[in-house]
Amino acid sequence: MSKKRDLSELGKKVIYQIYPKSFYDSNDDGIGDIRGIIAKIDYLISLNIDMIWFNPFFISPQNDNGYDIADYYNIDSVFGTMDDFEELVAKLRANHIGVMLDMVFNHCSTSHQWFQKALAGNQKYQNYFYIRSTRKDGSLPTNWQSKFGGPAWSKFGNTDKFYLHLYDPTQADLDWHNPDVRYEAANIINFWQKKGVTGFRFDVFNVTGKSETLVNSNGDETAEKKLYTDTPIVHKYLHELNRASFGQDSQIITVGEMSSTTIANSIDYTNPKNQELSMVFTFHHLKVDYKNGDKWQTIPFDFMKLKELLFSWQESLDKGHGWNALFWNNHDQPRALSRFCNTQTYRIQSAQMLATAIQLLRGTPFIYQGEEIGMLNPDYTSIEEYVDVETKNAYHILQKSGFSENDAFLAVKQKSRDNSRTPMQWTAAKYAGFSHNKPWLASTNQDTINVAAELDHGKIFKFYQKLIALRKSEPLISDGHIMPLLRDDQRVFAYSRYLADSALVVLTNFYDKTTTIELPSKYKRRHGSVILSNYNRTLGELPRVLTLKPYESLVFKFS
Ligand code: GLC
Ligand code: CA
């Protein structure tokens, strides 16, 4: 069997992400659902995407919006039924759109029967989790912190033991050293594969790599993460899972969410010869506005750092035969537009620029719902409007650490995960055409930003359609190598994609000011044409110096 990645396949695909809770509500209970997604299939088809990643809609108490799964084999009734799901898969498939499901295997809900049986004293299921005694001095088994704040250990029922949870206390970490746990994971994948699912996203997969003996950290956050993140054993788990499930079918697309990973590991996760994953999500490029690595302390984004990160990941994965997932947005990030751009004056141009910059890189682009109409963060005025558990915890922890109430609110307002979780804005109606009833999370700017207006006279959706069409028709984009350009330029992110003797150049101005660039001499006065521009620019050759308008993006292909 050939282990070469079929670039013409993976490189031509574009994946769209749907947050089911917020896409479209078919029964007016204020929560998006599967029948709502079915109702909007024509919209999805018109974008010409190849696959949809759905955030979890399995049975769950929803303490972390479905990332706390109580039954991996069933659909939560809030979202619909198995029949609805099967209908969705069939209708998408009839339109050549694949389904990617979210596999949350680092932890399960404490309501899951595995945990419930463990609590009832069943040894087999106790071995599914990290259940430990306190240390000799009576302190918690380790000093680790939960990623949502507070200690990573909670009391295990009425015993004197504790169980590990790197996230919410209702998300108990599964012990991947236990072959039974790995067997359960493979079974779950195989079950959904039989239902016609052709893609899998693996939630925070690289934190499964804890060592058998859990040890205290020195209190430093980065050092602490290293004790359980991205360790060599993760490769073994992935390879085994690949062989026992999705890897049996070469059509399946997989993506691992890799927290604080390295370039070397990203190559190893995705080099086809290792038989692990198709690609990985990495996050370094979305931390360039963190002060000292702290998400809640926002600084103006460091553009030079952003460029260097994107370039080094791109170049190294190209050389190492790895593969990138390309994205600015997802359900855990504030909207990139609100975050990096001046949307007061240039919402449209900057949305087009950001899309150009990321989508023409080497890899597979992911578009998060609403990105294609230029949705922004909501403008909430009170903490009461937020729902997310991480947000609520952070708001309190920040105040305990000395932030005023107002500063804590401002921090949360910029970085809350709810920024991207607001309902999809279909129309200018009171509830954004998402529901006829008050949604679980409010929208605030649907009067100007909505699908109806966008399809009527907008310029962002059409631009996304063009970008997607380009990826499918232009081998330089789907298969080409990458070369960074203008590395030292303080405003422009630029690169070339090339194959043998053909090439194209992508130029993107990340600022709301005009800026002048000078291209390397080998590109000057070379003939060709503009294949994509957000200012209707035409050029027959690349001039020696070029002045880019605010947020201008330009793709020039040499003839
Ligand atoms: C991932 C998910 C996030 C969730 C966390 C715990 O980061 O994307 O939404 O809270 O894992 O499952
Ligand atoms: Ca509903």
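Above: the structure in question.
About the cut-offs
Residues numbered from 1 in each chain as written. Chains lettered and ligands numbered in written order. Predicted model: local features only at pLDDT ≥ 70, side-chain atom pairs only at ≥ 80, totals over all residues. Heavy atoms only, no water. Helix = DSSP H or I, 4+ residues; strand = E, 2+ residues; numbered from the N terminus. Rg over C-alpha atoms; globule rule 2.2 N^0.38 Å. Buried < 20%, exposed > 50% of the residue type's maximum accessible area, 1.4 Å probe, protein only. Contact = heavy atoms within 4.5 Å. Areas by Shrake-Rupley, 256 points an atom, 1.4 Å probe, with all protein chains shown as cover. Phe/Tyr/Trp six-rings, centres within 6.5 Å; stacked < 30°, edge-to-face > 60°. Lys NZ or Arg CZ within 6 Å of the ring centre and 35° of its normal. Near = heavy atom within 4 Å. Polar contact = N/O pair within 3.5 Å; in protein donor to acceptor, adjacent residues only side chain to side chain. Donors = N, O, S within 2.8 Å, 3.2 Å for Na, K, Ca; no water. Pairing = 2+ DSSP bridges. Right-handed = clockwise from strand over helix to strand, strands pointing away.

*Asks:* For this particular structure, what's the right way to read the overall build of the protein?
*Replies:* Check the secondary structure of the protein and you find 19 helices and 24 strands. Its C-alpha radius of gyration of 23 Å places the protein within 12% of the 24 Å reference for a compact globule of 559 residues. Seen through its C-alpha atoms, the protein measures out along the principal axes to roughly 75 × 55 × 50 Å. A burial count over the protein gives 60% of its 559 residues as buried. In the protein, 70% of the contacts between residues at least 6 apart in sequence involve partners at least 24 apart. Here the protein displays about 21,600 Å² of accessible surface, and carbon together with sulfur accounts for 51% of that area.

*Asks:* I would appreciate a short explanation of the packing of aromatic side chains in the present structure.
*Replies:* The relative placement of two aromatic rings is captured by the distance of their centres and the angle of their planes. Counting across every chain of the model gives 49 aromatic pairs. On the basis of an interplanar angle of 80° and a centroid distance of 6.2 Å, the ring pair of Tyr24 and Trp426 is categorised as edge-to-face. With a gap of 402 residues between them, Tyr24 in the loop between strand E1 (15-18) and helix H2 (34-39) and Trp426 in the loop between helix H16 (418-421) and helix H17 (451-457) connect regions that are remote in the sequence. Judged by relative accessible area, Trp426 falls into the buried class, the value being 5%. Aromatic pair Tyr523 and Phe558: ring centres 5.5 Å apart, planes at 5°, arrangement stacked. On the criterion of sequence distance, the pair formed by Tyr523 in the loop between strand E21 (515-518) and strand E22 (528-533) and Phe558 in strand E24 (residues 553-558) is long-range, its members being 35 residues apart. A residue is classified by how much of its surface remains accessible, and Phe558, at 5% relative accessible area, is buried. Here the aromatic residues Tyr72, Phe105, Trp114, Tyr125, Tyr128, Trp176, Phe200, Phe202, Phe205, Tyr237 and Phe246 are joined through ring pairs into a cluster of three or more. Its guanidinium or amino end placed over the ring of Phe558, Arg526 lies 4.1 Å from that ring's centre, counting from NZ or CZ.

*Asks:* Is there a simple way to think about the site of ligand 1 in this case?
*Replies:* Taken together, 14 residues surround ligand 1, and among them Asp64, His107, Asp203, His331 and Asp332 come closest. The separation between an oxygen atom of ligand 1 and a polar side-chain atom of His107 is 2.9 Å. Side-chain polar atom of Asp203 to an oxygen atom of ligand 1: 2.8 Å apart, as the coordinates give it. About the coverage of ligand 1: the protein hides 96% of its 310 Å² of free accessible area.

*Asks:* Got a minute to help me understand the coordination of the calcium ion (ligand 2) in this structure?
*Replies:* Reference geometry at the metal: tetrahedral coordination by four donors gives ideal angles of 109.5 degrees; octahedral coordination by six donors gives 90 or 180 degrees. The calcium ion (ligand 2) binds to the protein through Asp25 (OD), Asn27 (OD1), Asp29 (OD), Ile31 (O) and Asp33 (OD); the donor distances cover 2.2 to 2.4 Å. Mapping the donors of the calcium ion (ligand 2) onto the primary sequence yields the spacing D-x1-N-x1-D-x1-I-x1-D.

*Asks:* Mind showing me how you'd approach the pairing of strand E12 (residues 253-257) here?
*Replies:* For a regular strand, side-chain orientation follows a simple rule: the groups alternate between the two sheet faces. Most of E12 is tucked away, with five of its five residues classed as buried. Side chains Ile253, Val255 and Glu257 of E12 all project onto a buried face; the interleaved residues Thr254 and Gly256 project onto the opposite face, where all are buried too. Where strand E11 (residues 199-202) meets E12, four bridges bridge the pair, whose relative direction is parallel. Within E12, the position partnered with Phe200 by the bridge is Thr254. Handedness of the crossover joining E12 and strand E13 (residues 279-281) through helix H10 (residues 263-270) is recorded here as right-handed.

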